[in-house]
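For reference, the chains in residue letters:
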Amino acid sequence: MASGVKVTDEVIAVFNDMKVRKAQANEDEKRKRKKAILFCMSKDLKNIVLDEGKEILLGDLGTTVQDPYQHFVKMLPPNDCRYALYDATYETKETKKEDLVFIFWAPDNAPLKSKMIYASSKDAIKRKFEGIKHEWQVNGLEDLKDRHTLAERLGGSSVVSLEGSPI
């Protein structure tokens, strides 16, 4: 069921920036790259927009953010839905990888109306996020509080570390 909600150009631009890894980027550009970001519905419920201030930049890692995954989990509102992109850095037994993960956060205690609007609008944002390999619907903190669950989503038992921490 489509909701008629639109995805703003700003959201699409952020996705494209996160998707394209700039190998030639200088240090300053790398520091401004987003590690994670949240998206929400606009006040009038007609657009999917950036959730102001709800982002982790690569430049924050090691300074204001020690564990990006745990910091990301704490950014999620306990009583409302969100969409999120998380740029996961992980290692399998064979290689190091980085993949974008699209997360639909719909906690059990979010208002029913919010859950319905976000669920019916999910396809609108997913259609704009071409090339996402990993999608994850999360309904509570217990689903994501430890990194094992994300590691399983990324590569099952072959994942040996996530964000530099062993699994």
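What comes next concerns the included structure. For clarity, every value in this text was computed on a predicted model and none was experimentally measured.

Assignment of secondary structure puts Ile48 in strand S3 (residues 47-57). When the C-alpha atoms of Ile48 and Ile125 are compared, they prove to be 7.7 Å apart, with 77 residues separating the residues in sequence. Excluding residues that lie within four positions of it along the chain, Ile48 makes contacts with Val5, Lys6, Val7, Thr8, Val11, Phe39, Cys40, Met41, Tyr83, Ser121 and Ile125.

On to the pattern of salt bridges. In total, this model carries 8 salt bridges according to the counting rule given. The partner of Lys126 in a salt bridge is Glu135, with the nearest N and O atoms 3.0 Å apart. Since its relative accessible area comes to 31%, Lys126 is described here as partly exposed. The exposure class assigned to Glu135 is partly exposed, which follows from its relative accessible area of 33%. Each of the salt bridges in this network shares a partner with another, and the network as a whole consists of Asp51, Asp80 and Arg82.

Tallied over the entire structure, the rule returns 8 aromatic pairs. Summarising the aromatic geometry, the rings of Phe102 and Phe129 are spaced 5.9 Å apart at their centres and angled 80° between planes, so their arrangement reads as edge-to-face. Of this pair, Phe102 sits in strand S5 (residues 96-105) while Phe129 is found in the loop between helix H4 (112-128) and strand S6 (134-138), placing the two residues 27 residues apart along the sequence. Taken together, the ring pairs in this structure connect Phe15, Phe39, Tyr83, Phe102, Phe104, Tyr118 and Phe129 into an aromatic cluster.

Attention now goes to the nonpolar core. Grouped together as the largest cluster of nonpolar side chains are 26 residues, with contacts concentrated most on Phe39, Ile48, Tyr83, Leu85, Ile125 and Phe129. Looking at this core, the elements with two or more residues in it are helix H1 (9-19), strand S2 (34-41), S3, strand S4 (82-92), S5 and H4. The biggest single contributor to this core is H1, with 5 residues. Core analysis: the next-biggest nonpolar cluster, separate from the first, contains 24 residues, Leu76, Ala84, Ile103 and Leu144 among them.

Here the focus is the pairing of S4. Most of S4 sits out of view: 9 of its 11 residues are buried. Sheet analysis places S2 next to S4, joined by 4 bridges and oriented antiparallel. The residue bridging Ile37 from the neighbouring strand is Leu85, located in S4. Pairing of S4 with S5 involves 10 bridges; the strand directions are antiparallel. Looking at the pairing, Arg82 lines up with Trp105 of S5. Adjacent in sequence and paired antiparallel, S4 and S5 are bridged by 3 residues. Summarising the sheet, S4 and strand S7 (residues 159-162) pair through 3 bridges and their orientation is antiparallel. Looking at S7, one finds that Thr92 is bridged to Val159.

What counts and how
- Residues numbered from 1 in each chain as written.
- Predicted model: local features only at pLDDT ≥ 70, side-chain atom pairs only at ≥ 80, totals over all residues.
- Heavy atoms only, no water.
- Helix = DSSP H or I, 4+ residues; strand = E, 2+ residues; numbered from the N terminus.
- Contact = heavy atoms within 4.5 Å.
- Salt bridge = Lys/Arg side-chain N within 4 Å of Asp/Glu carboxyl O.
- Buried < 20%, exposed > 50% of the residue type's maximum accessible area, 1.4 Å probe, protein only.
- Phe/Tyr/Trp six-rings, centres within 6.5 Å; stacked < 30°, edge-to-face > 60°.
- Core = buried A, V, L, I, M, F, W, Y, C linked by side-chain atoms within 4.5 Å.
- Pairing = 2+ DSSP bridges.

Shape descriptors only; they carry no functional weight alone.
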